[in-house]
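# Descriptive analysis of the structure
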Amino acid sequence: MATTLFHSTNGQSPPVNLREALLAGQAPDRGLYFPQQFPRLTPGEIAAFAKLPYHEIAFRVLSKFTEDIIPRTDLAAMCHSAYNFPVPLEIIHVRVFLMRLDQGPTASFKDFAAQMMARMFGKFLREDNQQVTILTATSGDTGAAVAHAFHNIPGVRVIVLFPLAEVSESQRKLMTSLTGNVRTVAIDGKFDDCQAMVKQAFADPALKHIPLSSANSINIGRLLPQSVYFFYAASRVAQAGEPVVFSIPSGNFGDMMGCVVAKQMGLPVKKIIASVNDNDAFPKFLASGNYQKISPSRNSLSNAMNVGHPSNLARLVAVYGGQMDETGKINRMPDLVAMRRDIFSTSISDERTVTGVREFWNNFQLLLEPHGSVAWQGFQDWSAAEPLGNSPAVIVETANPAKFPEEVEKVVGWAPDVPTNMLASLKLPEAFDRLGADYETFRAYLLQRHAAT
Ligand SMILES: *Cc1c(COP(=O)(O)O)cnc(C)c1O
């Protein structure tokens, strides 16, 4: 089978293989890398997943992209060590399940991608005898997942910027308790400021001599591992070949694009429900064909989804034959009829997010945090609009309730238990640098850190 090539959604850069796409992050023409043609799994290959553990499914899915790049035995070992935690599928009622992606080292679904990406980066850099600095802006969960995954990976230095006042205490401690090759920088500003500073650093000629890369969801290395848990869920809740409904809480649409990747590779999917908070640019676009990004992004309880212009929409639009540039301008309309057939999208208010946590606890004795609640309410909206019939459905819970103790306690009256893997981090001493939200200071910081090694 030929190696899968990744094309830029802006169409102005040459196609590259996975290794090049991963190390570059963004395409030189500012587009996002994405396969024009997906490798396919046969129905027989997918049916075989029913008897396989998670890491083996990950190997069989990802190997379709890594042919000629990562030897099979190496990839198998990488999957085995990355995915050593459970992926619970809790039954809610007949054929409706909650998939909990909160059992990784930092208790959010971002661990699934970060763990694999770090292993791939480490391997490629070792082979090329290269060094890279990964710059990441975070609203909370990405920074922790990336910092933990890349901790102690030779050849990689990590610098995480986070808005000091906008992350929860446990989110902060999961990032700031690591030492060695990981530095965290608290910015006196908003998440938007952190992201702008990182973007400016990538474009700054004065930093040309520092090899920089990114680990946020514009990187294709984030998306591919996020297709695996949809295959896994289907293998556990559906009969062979039976289409599944997935409800996915969405911000930058990386998680949801993982489901689209799985579908393009052959997984039968009945409907993808993209559930968003007050940042409703996508459901409005799906309904009207008119895309208007939201700027500045709206704050809501599900803070990891406060995204006014989801960068992965450029990839989604490409799957349906359209073209959207990095600013959100649509140069060619995607096939909206096909998009609506495959995808449902709805916006969930904070009020309904709170109600969702309460009702879910009262009805099923299972605790949701705000992001999972948005997915649950999105599923309610869809089932009111279209018949579920006898199809299996999977609601995706993306973080552990213990990451949002105040929000959860306000609703149910007690604080959630902290998982043991998180407890350890919470007890360690914290260390982080502090900077104002101006770019000049940040540039000086990067130059000084680079000179120091
Ligand atoms: C990042 C995040 C999301 C949103 O994922 P996207 O890929 O950005 O759509 C949802 N829930 C949690 C807990 C997150 O950390």
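Residues numbered from 1 in each chain as written. Predicted model: local features only at pLDDT ≥ 70, side-chain atom pairs only at ≥ 80, totals over all residues. Heavy atoms only, no water.

### Some details on the overall build of the chain
We apply this condition: Secondary structure elements follow DSSP: runs of H or I no shorter than four residues count as helices, runs of E no shorter than two count as strands, and numbering proceeds from the N terminus. Every radius of gyration here is taken over C-alpha atoms, with the globule rule written as 2.2 Å times N^0.38, N being the number of residues. Buried, partly exposed and exposed residues are distinguished by accessible area as a fraction of the type maximum, computed with a 1.4 Å probe on protein chains only: under 20%, between the cut-offs, and over 50%, respectively. Any pair of residues with heavy atoms lying within 4.5 Å of one another is described as a contacting pair. A 1.4 Å probe and the Shrake-Rupley method give the accessible areas. Residues count as covered only by the protein chains that appear here.
Secondary structure summary: the chain contains 19 helices and 15 strands in total. Against the compact-globule benchmark of 22 Å for 453 residues, the chain has a radius of gyration of 21 Å, which places it among compact chains. A principal-axis box enclosing the C-alpha atoms of the chain has dimensions of 60 × 55 × 45 Å. With 453 residues in all, the chain has 60% of them scored as buried. Counting only contacts in the chain whose residues sit at least 6 apart along the sequence, the fraction spanning at least 24 positions is 73%. By element, 51% of the accessible surface of the chain is carried by carbon and sulfur atoms, the whole surface being about 17600 Å².

### Let's talk about the sheet that holds strand β15 (residues 433-436)
Stated precisely, the cut-off is as follows: At least two bridges found by DSSP between two strands are what make those strands a pair. Helix axes are fitted only over the stretch in contact, all axes being lines through C-alpha atoms; the angle between N-to-C directions runs from 0 to 180 degrees.
Here five strands make up an open sheet; going across it, the order is β8-β5-β6-β7-β15 and the pairing parallel. Of all the strands in the sheet, the pair left with one neighbour each is β8 (212-214) and β15. Strand-to-strand, the axes of this sheet are offset by a mean angle of 30°, without reference to chain direction. Most of the contacts of helix α7 (residues 169-176) go to strand β6 (residues 156-163), to which it runs at about 160°, and overall it touches β6 and β7 (182-188). Across the face of the sheet, helix α19 (residues 439-451) comes into contact with β5 (132-137), β6, β7 and β15 while running at roughly 155° to β6.

### Points about the nonpolar core
Heads up, the rule is: Buried Ala, Val, Leu, Ile, Met, Phe, Trp, Tyr and Cys residues that are joined via side-chain atoms within 4.5 Å together make up what is termed a nonpolar core.
Within the largest apolar cluster, 110 residues are counted, with the highest numbers of intra-cluster contacts made by Phe150, Phe231, Phe246, Met256 and Leu316. The leading source of residues in this core is helix α5 (residues 110-128), at nine residues. Once residues lying within four places of it in the same chain are set aside, the contact partners of phenylalanine 231 are Leu41, Ile46, Phe49, Ile57, Val61, Ala262, Met265 and Leu267. Within the second largest apolar cluster, 19 residues are counted, among which are Ile159, Cys194, Leu212 and Leu446.

### Concerning the environment of glutamate 440
With respect to the secondary-structure elements, glutamate 440 resides in helix α19. Sequence separation between glutamate 440 and phenylalanine 230 is 210 residues, and the spatial gap between their C-alpha atoms is 43 Å.

### Quick look at empty space enclosed by the protein
Formally: Only protein atoms enter the 1 Å grid used here. Points where a 1.4 Å probe fits but cannot escape make up a cavity, open sets with protein on both sides within 12 Å along at least five of seven lines make up a pocket, and a residue lines them when an atom lies within 4 Å of a point. Grid points are joined across faces, edges and corners, and a volume is the space filled by probe spheres set on the points.
With the rule as written, the count across this model stands at one cavity of 30 Å³ or more. Quantified by volume, the largest cavity comes out at close to 40 Å³. What lines the largest cavity is Thr133, Arg157, Ile159, Ile210, Leu212, Leu446, Arg449 and His450. Those elements that place two or more of their residues in the lining of the largest cavity are β6 and α19. Per element, the largest residue contribution to the lining of the largest cavity is three residues, and it comes from α19.

### Quick notes on the packing of helix α10 (residues 225-237) against helix α11 (residues 254-264)
Working note: a packed helix pair is described by the angle between its axes plus the distance between those axes. Spelled out, the test is: Should the near helix be turned anticlockwise from the far one by less than a right angle, the crossing is termed left-handed; should it be turned clockwise, right-handed. Side-chain classes follow a simple rule in which Ala, Val, Leu, Ile, Met, Phe, Trp, Tyr, Cys and Pro form the nonpolar group, Asp, Glu, Lys and Arg form the charged group, and the remainder, Gly included, forms the polar group.
Where α10 meets α11, the closest approach of the two axes is 7 Å, and the angle between their N-to-C directions is 65°. Between α10 and α11 the crossing geometry is right-handed. Counted together, Gln226, Ser227, Tyr229, Phe230 and Phe231 of α10 and Gly254, Asp255, Gly258, Cys259, Val261 and Ala262 of α11 form the full contact between these two elements. Of the residues belonging to the contact of α10 with α11, the class tally is six nonpolar, four polar and one charged.

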